[in-house]
Amino acid sequence: MNKRSLSTIAIATIEVVVIVTFPLFMPNFDAMIASLLVGVPSVVFFLGIIAGVARHPVWLHPLVVLLATAVLVLVHLNSSAWIYAIVFAGVSLIGVFIGVFARKVIADAKRHQ
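My aim in this report is to walk through the structure given alongside it, one point at a time.

For the rest of this paragraph, the subject is the side chain of Glu-15. Turning to its location among the elements, Glu-15 is positioned in helix 1 (residues 3-21). Buried and unpaired, Glu-15 has no salt bridge, with Arg-103 as the nearest side chain of opposite charge at 14 Å. Residues contacting Glu-15, with those up to four places away along its chain left out, are Leu-47, His-61, Val-64, Val-65 and Ser-92.

Next comes the structure, spelled out in structure tokens:
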């Protein structure tokens, strides 16, 4: 396996672990909802930026986030939380696009030096 494949697997694993296991570490339901609304989207966004800069496939990380959130909803939440899967996948996609844009800006800056 090359470095790119390993980093893709590492980022996808971090996303799955953060999304699926975070309710296990919350002391009460209010803390879980707060982290669901702030913590998970932040982690997903920054991992999306890293994935975009590292030249990972654009579609992969939103798909991993969508599937991990589906598991989260099935295991820890009720059926009204399905909208979070779409929102988190969208946040991940935005992060990936920002990462791709940043990679192109960095590459252009290096070429013009």
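Ranked by internal contacts, the top residues of the largest apolar core, which has 15 residues, are Ile-19, Phe-22, Leu-36, Val-40, Val-44, Leu-72 and Leu-77. If you list the elements that add at least two residues to this core, you get helix 1, helix 2 (29-53), helix 3 (60-76) and helix 4 (82-111). Not counting chain neighbours up to four residues away, the residues in contact with Phe-22 comprise Val-17, Met-32, Ser-35, Leu-36, Val-40 and Leu-72.

Now for the pattern of salt bridges. The full count for this structure, using the stated rule, is one salt bridge. A salt bridge links Arg-111 to Asp-108; the shortest N-O distance between them is 2.3 Å. Note that Arg-111 and Asp-108 are positioned in helix 4 at a spacing of three residues, about one turn of the helix. Arg-111 gets classed as exposed once you look at its relative accessible area, which sits at 60%.

The rules behind the values
Residues numbered from 1 in each chain as written. Predicted model: local features only at pLDDT ≥ 70, side-chain atom pairs only at ≥ 80, totals over all residues. Heavy atoms only, no water. Helix = DSSP H or I, 4+ residues; strand = E, 2+ residues; numbered from the N terminus. Buried < 20%, exposed > 50% of the residue type's maximum accessible area, 1.4 Å probe, protein only. Lys, Arg positive; Asp, Glu negative; His and termini not counted. Salt bridge = Lys/Arg side-chain N within 4 Å of Asp/Glu carboxyl O. Contact = heavy atoms within 4.5 Å. Core = buried A, V, L, I, M, F, W, Y, C linked by side-chain atoms within 4.5 Å.

Note that all results are geometric; they support no functional claim without further evidence.
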